[in-house]
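# Reading the structure
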Amino acid sequence: MARYRAKRNELTVLKSKRKALRNELVNLGMLHPIQAGKLNKKIAEITEEMEDVISERNMLLTKLDCADVKEAKALEKQIVSAHDTRNAILTKTPQLRNRIEQLCA
C-alpha cells in the first residue's frame, strides 16, 4: 500500500508540473518558437513519465486485488482503521491488565 501511495503522490506531482508547463506555454505566445519547442519537449517527457507511473500504479492495484483507484482508497481506509484500532488496543492493554489483576486479587 505504501508503494501505491508513493506512485499516487508521484503522479500528482507530475500532473502539476505538466500543468505549470502548459500554462507557461500558453502565456509564452507565438513570438518565441524556440522556447515553445523546448516547453513542448518537456511536456512530452513528463507525459511519458506519467504514463510509466500510471502503468506501475495499475500493476500495484492488481497486486492489491483492487479493480480501480476507488477500491484502493477503500482498502487504504480499512488499513488505517485497523491500525487505529490496534493502537487503541495496545494503549489500553496495560490498563486492562491492571484492572484484571485488581479484580482477580
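What counts as what
Residues numbered from 1 in each chain as written. Predicted model: local features only at pLDDT ≥ 70, side-chain atom pairs only at ≥ 80, totals over all residues. Heavy atoms only, no water. Helix = DSSP H or I, 4+ residues; strand = E, 2+ residues; numbered from the N terminus. Polar contact = N/O pair within 3.5 Å; in protein donor to acceptor, adjacent residues only side chain to side chain. Contact = heavy atoms within 4.5 Å. Expected span 1.5 Å × (residues − 1). Buried < 20%, exposed > 50% of the residue type's maximum accessible area, 1.4 Å probe, protein only.

This part takes up the side chain of Lys7. With respect to the helices and strands, Lys7 occurs in helix H1 (residues 2-28). A polar side-chain atom of Lys7 sits 2.4 Å from a polar atom in the side chain of Glu56. Non-local contacts of Lys7, meaning those with residues more than four positions away in its chain, are made with Val53, Glu56, Arg57 and Leu60.

Taking 1.5 Å per residue as the helical rise, H1 with its 27 residues ought to reach 39 Å, and the 39 Å between its terminal C-alpha atoms agrees with that figure. Those residues of H1 that fall on the buried side of the exposure criterion are Tyr4, Lys7, Leu11, Leu14, Arg18, Leu21 and Leu28. Elements in contact with the buried residues of H1: helix H2 (33-63) and helix H3 (69-104). Two residues or fewer after H1 comes Gly29, characterised by a positive phi angle close to 85°.

What follows deals with the side chain of Glu76. Here Glu76 is to be found in helix H3. Here Glu76 falls in the buried class, since its relative accessible area comes to 14%. In contact with Glu76, not counting residues within four places along its chain, are Met1, Arg5 and Arg8.

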